[in-house]
Amino acid sequence: MSTSSEPTAAQLIEQIEALQKRVDQLENNRKDQLSIAVVSGDLDKIMAAMVISIAAAAMDTQVKLFFSFWSLSALRDARKKAEGKDFISKMFGFMLPRGYNKLKLSNMNMAGMGPVMIKYLMKKQNVMSIDQMFKEAGELGIEITVCEMSAGLMGFKKEEFIDYPDLRMAGAATFVAEAGESSIQLFI
Amino acid sequence: MTQEELKAVAVAKSVDARGTACPGPLLEAKKAIGGVAAGDVMEVLSADEGTKVDIPKWCTKQGHEFLGTVEENGYFKIYLRKK
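Residues numbered from 1 in each chain as written. Chains lettered and ligands numbered in written order. Predicted model: local features only at pLDDT ≥ 70, side-chain atom pairs only at ≥ 80, totals over all residues.

Q: Hey, could you run me through the packing of helix α2 (residues 24–33) of chain B against helix α3 (residues 49–62) of chain B in this one?
A: Residues and elements named next belong to chain B. As a packed pair, α2 and α3 sit with axes 10 Å apart at the nearest point and diverge in direction by 35°. Crossing geometry of α2 relative to α3 is assigned as right-handed. Packed against α2, whose contacting residues are Pro25, Leu26 and Ala29, the element α3 presents Thr51, Asp54, Ile55 and Trp58 at the interface. Classifying every residue of the contact of α2 with α3 by side-chain character gives 5 nonpolar, 1 polar and 1 charged. (Axes fitted to C-alpha atoms, helices over the stretch in contact; angles between N-to-C directions. Helix = DSSP H or I, 4+ residues; strand = E, 2+ residues; numbered from the N terminus. Left-handed = near helix turned anticlockwise from the far one by under 90°. Contact = placed C-beta atoms within 7 Å. Nonpolar A, V, L, I, M, F, W, Y, C, P; charged D, E, K, R; others polar.)

If you want it as structure tokens, here you go:
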């Protein structure tokens, strides 16, 4: 009986080698990189994201932060304003915290007393302030990507965000692509 | 290394990170290590308990040799040899 349709041993070996190459390639694709989808706009969660990012950067891990939805409030610069907003965008701008120093705590906010107490304790116990965290993050080359769609929804414009060395606007596909090549992916 | 050996080791660079809490000491260690020659010893002074665990992890990742920790009064000294 003819066996012309069955692969020969040589062909099988060739196939295995090709697969082995592909597996090696995939394994090497995972970079020493941390990707975080930062969605919460609470002070505690933003700080957690920043502390983890700074620790990772200190360990020479590349860090890419994707800011989406409520977290955008953290990136607002209270001194900056953007023109040409509609009524709803203006309302959002009015209601949401103006920058990381104005964020609420997810627990024990107590009408603003909580954040004041936390900041007092942080200072007392020599924890970096949130201002310092963003400054260090910028110096360490931590990349911030702002979700274009969330910014559009809330009516935030790029010119309203903080002065940060590596801040850009992009879509969810950017996060997916970058997270796909990261060895650590987090959602905060 | 024993405590006596650690205390006697020649330190090329000392980083005083006692004024910062996590992740400050790690960050200061990262900033300082660039100025240390390969094979030389760096010490990190910290009052933050977490640093005792974090620095060895950092050493493992970066390939530096963690030598040990010496407890002082209210803080500790962490020794490592740069790869």
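Q: What am I meant to see in the sheet that holds strand β1 (residues 31–38) of chain A here?
A: Backbone hydrogen bonds are what pair the strands of a sheet, in a parallel or an antiparallel way. All names here are of chain A. Read from one edge to the other, the open sheet built from 5 strands follows the order β4-β3-β2-β1-β5, with strand pairing classed as parallel. In this open sheet, the two edge strands, each paired with only one partner strand, are β4 (167–170) and β5 (182–187). Shown here is a sheet whose adjacent strand axes are inclined to one another by a mean of 20°, direction ignored. Bridge analysis of strand β3 (residues 143–147) against β4 gives 4 bridges, and the strand direction is parallel. Within β4, the position partnered with isoleucine 144 by the bridge is leucine 167. Here helix α2 (residues 43–58) sits on the sheet in contact with β1 and β2 (62–67), set at roughly 170° to β1. Strands in contact with helix α7 (residues 172–180) are β1, β2, β3, β4 and β5; relative to β1, the strand with the most contacts, it is inclined by about 145°. (Pairing = 2+ DSSP bridges.)

Q: What am I meant to see in α2(A) here?
A: Along an α-helix, a turn takes 3.6 residues, which lines up residues three or four apart on a common side. Here α2(A) contains 16 residues, and its C-alpha end-to-end distance of 22 Å stays within 8% of the 22 Å for a straight helix at 1.5 Å per residue. For α2(A), every residue scored as buried is listed here: Leu43(A), Ile46(A), Met47(A), Ala49(A), Met50(A), Ser53(A), Ile54(A), Ala55(A), Ala56(A), Ala57(A) and Ala58(A). Close packing links the buried residues of α2(A) with β1, β2, α4 (113–124) and α5 (130–139) of chain A together with α2 of chain B. Positive phi shows up at Asp60(A), right after α2(A), with a value of about 65°. (Expected span 1.5 Å × (residues − 1). Buried ≥ 20, exposed ≤ 12 C-beta atoms within 10 Å, placed from the backbone.)

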